[in-house]
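Each chain, letter by letter, is given below.
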Amino acid sequence: MAFYRYIIKRLLIVIPTLIGASIVVFLLIHIIPGDPVTVMLGERATEAARLALIEKMGLDQPMHIQFINWFTAAMKGDFGTSIRTNTAVLDEILTRLAATMELAIGSVFIAASAGILIGVTAARYRNTIIDQMAIGFSLLGVSIPIFWLGMMMIFLFAVVLGWLPVSGRLSLGLSVNEVTGLYLIDAILTRNLKFFIDALRHLAMPVLALATVYLALFVRVTRSSMLEVLGEDYVRTARAKGLKMNIVVFKHALKNALIPVVTVIGLSVAQLLGGAVLTETVFSWPGIGRLLITSIGFRDYPMIQGIVLFVVLVFIVINLVVDLIYAYLDPRIRY
Amino acid sequence: MRGKSSLFLMVFISVLLAFSVFGCAQEEAVNGDPAGQEDDIFIVARGTDAVTLDTNWAYYEGEIDLMYHLYEGLVEYIDDDLNVGPSLATEWSNSEDGTVWTFKLREGVKFHDGTDFNADAVVFTYERILQEDHPYANMGDWSYLDYLLGDVIAEVKAIDDYTVEFTLNNVFSPFLTYMGLYSQFIISPTAVQEYGDEFYKNPVGTGPYMMEEWKSEELTSMVLFDDYWDEKPAIEKIIWKVVPDASTRMMELQTGEVHAIKTILPEQFEVLTADPDINIVRMAGANIFYGSINHDAEPLGDVRVRQALMHAIDFDKLVESVYEGLGTRAINPMPPTVFGFNDDIVPYAYDPERAKELLAEAGYPDGFDLDIHTLSTARVYIGRPIDAAEIVADYLRAVGINPTVVVNEAATHFALISSYDYQLAFEGWYDVAHPNNFMRALVLEGMTNNYKPQELWDLSDMANATNDMELQEQYYREMQEIIHNDASMMPVAHNDYTAAVAGNVVDFRLDPIGNVILLGTYFE
């Protein structure tokens, strides 16, 4: 019972958090100089033209009125219309979400499975050449600028070797039956092998580029957490009982060592669902990150507010999920 | 120890396996891939997407290319000097007093939705934009049609099914040139009635191509229109792919995944030129990159100070290093490719000593503090705005001025300029290659620099009010002379519009406004 009350309490916190976040975002984007009208008119932004368009777009109302109007509509599920594209903010976010989710899920999946494996192995063989290689590799991974890595991957795999397509989500001219918007899943649902392979080939490079960065992070966290656990008394007891090291590591220690790793993985998923701007730009991936950056450049207020609220919501939900996984990993944790 | 090495081996093998699968699959997929294989699909990669496909409300760089393929105007440009020939109108005439234009329309033309093209469609198109109480008014934010002709056109009237009469408030010399521009193209009234506010996603014109699919920020595709009235272009289907990163765009072309890329960077020029399988297309652009001088900001109100700035800078060197051969030095507010350009103007010579003398004469022997504002990112008229401002600052420092370069993101920059909150700011202009669009739209209306002498207004009015080309040229040349003598602005360069195409592409065209035109393009 207490468990459900905890979940409900956590979900209720969402409301003040969203209100707070929307006020902060609203203020911030209105404080920075420039407005959508100036961007729209660009070189033609004479004072008269600007004022006329500002009035036409309702941007001449006092700020608090604009906020209240937007907020009351948002409460009813209407996040407004994009100033730039004239489409409903929510529709636009949902369209981009599928593309972003593909990248986020794919890269975190690869990075987490490989990262935990490498991290555990590095800790298990601490101070050996394997450990040092793992550390060196993860240092490299976090230090490489991702746009450069992406560029080099394109150059190698697309231009030189010709194995993979340069950019985009799908070969042009390939028609698709969209069901979920996640192309790999759609391909399975529609049993279309050609579509599946094509989507996978387009996904490969951006996912690997992102995975490299997160892999490095996961390796480091897993390794240090594992080292800590391996120093615990119960590990020594298990070893003293005569259990094999591998059994101790994977059966006794791993679950406990994973708690900080799960936190980091959760935050990474949340971060990636907010969009990976550089990766999306290099690989022409139509995700949320690019939408946010374009919208900020354009001062597309409703769109920026919509995306930020969405990201805040993702963080809250994922934090909750992470907390629930804690309880599974460590039975002592109870809510 | 063995357990772990086999683990690594497994990971290694699976990665290898994955790549060999990709490798094999790729052979198969490329054969089924349209790019580079089938002759009837043409793929162009561009950095930006369209925001609206409604031609009368379009004005972004990313949308204008598309308009020339989906829609048509009453007249069309037949050369790069923007001379016009028949399109949806077969002939036209101008009344004695010059204020009434009568167009005979082409019969038997259909819109993509099957609607007949006739005088009603023309009237509907113009009234939708120009009449505020029109049932389909205000379907966009800012209309170039309204901007160019809103105050010019008094009435558009259907005389019969295939005759339309435009009555102007006054004689307006750029009228016919403007009629060939995308914002004046004709839309299907039934489609506007059917789609309403969604028309911008469902464009219906009479052009040789009709809309197929628009995936925002990904691609726009269009296919040949079966009932097109004129000879059909060779290409069956055009895909406009959005590739925001310039380096990725180049690699898309190098791998043959696209047939053309729009806009190449100066640093890519050499690589692409060296590639035997790629051709570069260039067009002198109807644009200008200039320094806007605020005449109300001390001490720039003094003509001697402004002339000193001009003498202090070696513009040839500046343009050479920033544009790397893909631009020409500007000496007037309009490009030399535009009718009425004054080629008698001798630009201020690079002469730092003369600059120092002028500064001393003006009472600033020790120079003064000067903020130089510039853009943080490329625009169509400048690839590297920060470099340009830094070089200018170096030259000015050499004559004793104390400059500070301030780099602004676009929204901030234009807000600052339009509120006159600057001394010297670099910006630019790109427009139709008509003198009115530079000498009036830019110099007198667009530029916020507190320099608007009455004699320039008068000359501009006189040029617009006569259809006599010689007189127009004389007025425009005079305007340029006044601006030059006053050193009222700092013209820097005209940027070339560029594209790169695969070696087997023939007759890929860029127009002086920078649009990709594929109407005559085919594969060898």
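Definitions and cut-offs
- Residue positions are given per chain, counted from 1 along the sequence in the order it is written.
- For this description, chains carry letters from A and ligands carry numbers from 1, given in the order in which they are written.
- With the structure being a predicted model, the display of local features is reserved for residues of pLDDT at least 70 and the display and counting of side-chain atom pairs for 80 or more, all residues being used for whole-chain, interface and lining totals.
- Excluding hydrogens and water, the side-chain values take into account all heavy atoms of the structure.
- Numbering of helices and strands runs from the N terminus, with a helix taken as a DSSP run of H or I at least four residues long and a strand as a DSSP run of E at least two residues long.
- Between the two quantities, the radius of gyration covers C-alpha atoms and the globule rule is 2.2 Å times the number of residues to the power 0.38.
- Burial classification: accessible surface area is computed with a 1.4 Å probe over protein chains only, and a residue below 20% of its type maximum counts as buried, one above 50% as exposed, and the rest as partly exposed.
- By the convention used here, residues are in contact when the closest approach between their heavy atoms is within 4.5 Å.
- For the purpose of counting charges, residues Lys and Arg are taken to be positive, whereas Asp and Glu are taken to be negative. His and the chain ends are not included.
- We put the charge of a Lys on NZ, of an Arg on CZ, of an Asp on CG and of a Glu on CD.
- Criterion used throughout: strands pair if DSSP finds at least two bridges between them.
- Here the bend at a residue means the angle between the axes of two seven-residue stretches, the one that ends at it and the one that starts at it.
- Confidence scores here are pLDDT values: one per residue, from the predictor, ranging 0 to 100.
- We define buried area as the total accessible area lost by two parts upon association, computed with a 1.4 Å probe and summed across both.
- We count a salt bridge whenever a side-chain nitrogen from Lys or Arg sits within 4 Å of a carboxyl oxygen from Asp or Glu.
- In protein, a polar contact requires one atom able to donate a hydrogen and another able to accept it; more generally it is a pair of N or O atoms within 3.5 Å, and residues adjacent in sequence count only if both atoms are side-chain atoms.

S.K.: Which residues make up the overall build of chain B, and what are the values?
M.R.: Looking only at helices and strands, chain B has 16 helices and 22 strands in total. Expected size for 524 residues packed as a compact globule is a radius of gyration near 24 Å; at 26 Å, chain B falls within 12% of this value. Dimensions of chain B along its principal axes, counting C-alpha atoms only, are 85 × 80 × 40 Å. Expressed as a percentage of the 524 residues in chain B, the buried residues total 59%. Counted over contacts in chain B with a minimum sequence separation of 6, partners at least 24 positions apart contribute 69%. Computing the positive centroid from 29 side-chain charges and the negative centroid from 89, chain B places the two 6 Å apart.

S.K.: Tell me about the pairing of strand S1 (residues 41-46) of chain B, and name the residues and values.
M.R.: Residues and elements named next belong to chain B. Summarising burial for S1: 6 of the 6 residues are buried, a large majority. Side-chain alternation along S1 places Ile41, Ile43 and Ala45 on one buried face and Phe42, Val44 and Arg46 on a second face that is also buried. Here 6 bridges tie S1 to strand S10 (residues 237-242), and the two strands are oriented parallel to one another. Each bridged residue has a counterpart across the sheet, and for Ala45 the counterpart in S10 is Lys241. Of the strand pairs in this sheet, S1 and strand S11 (residues 260-262) are connected by 2 bridges, and their pairing is parallel. Note that in S11 the partner of Ala45 across the bridge is Ile261.

S.K.: A description of helix H11 (residues 245-273) of chain A should follow, citing residues and the corresponding values.
M.R.: Largest kink in H11 of chain A: about 60 degrees, centred on Ala253 of chain A. Two residues or fewer after H11 of chain A comes Gly275 of chain A, characterised by a positive phi angle close to 100 degrees.

S.K.: Go over the confidence of the model for chain A, please, and point to the residues and values.
M.R.: Any residue range with low pLDDT should be treated as having predicted coordinates unsuitable for detailed reading. Residues at a pLDDT of 70 or more form 99% of chain A, whose mean pLDDT is 87. Looking at the elements of chain A, mean pLDDT is at its lowest for helix H3 (residues 47-56) of chain A, recorded as 79, and at its highest for helix H7 (residues 146-160) of chain A, recorded as 93.

S.K.: Give me the lowdown on unusual backbone geometry, citing residues and values where you can.
M.R.: Glycine aside, a negative phi is what most residues show, and trans is what most peptide bonds show. Residues and elements named next belong to chain B. A cis amide bond links Glu298 to the next residue, Pro299, at an omega of -5 degrees. At Asp507, a residue that is not glycine, the phi angle is positive and equals roughly 60 degrees. One can find Asp507 in the loop between strand S19 (505-506) and strand S20 (509-510). Owing to a relative accessible area of 52%, Asp507 belongs among the exposed residues under this scheme.

S.K.: A description of the interface of chain B and chain A should follow, citing residues and the corresponding values.
M.R.: Tallying the contact residues gives 61 residues for chain B and 60 residues for chain A. Across the chain B/chain A interface, buried area totals approximately 5,000 Å², and carbon plus sulfur atoms make up 62% of it. Inspection of the chain B/chain A interface yields 4 salt bridges. Glu217 of chain B is the salt-bridge partner of Arg290 of chain A, the closest N and O atoms lying 3.3 Å from each other. There are 10 residue pairs in polar contact (both at pLDDT 80 or more) connecting chain B and chain A.

S.K.: Tell me about the environment of Phe225 of chain B, residues and numbers included.
M.R.: Residue and element names in this part refer to chain B. Note that Phe225 resides in the loop between strand S9 (219-224) and S10. As for Phe225 and Phe111, which are separated by 114 residues in sequence, their C-alpha atoms are 9.2 Å apart. Setting aside its immediate chain neighbours within four residues, Phe225 contacts Lys110, Phe111, His112, Thr206, Gly207, Pro208, Tyr209, Met210 and Lys232.

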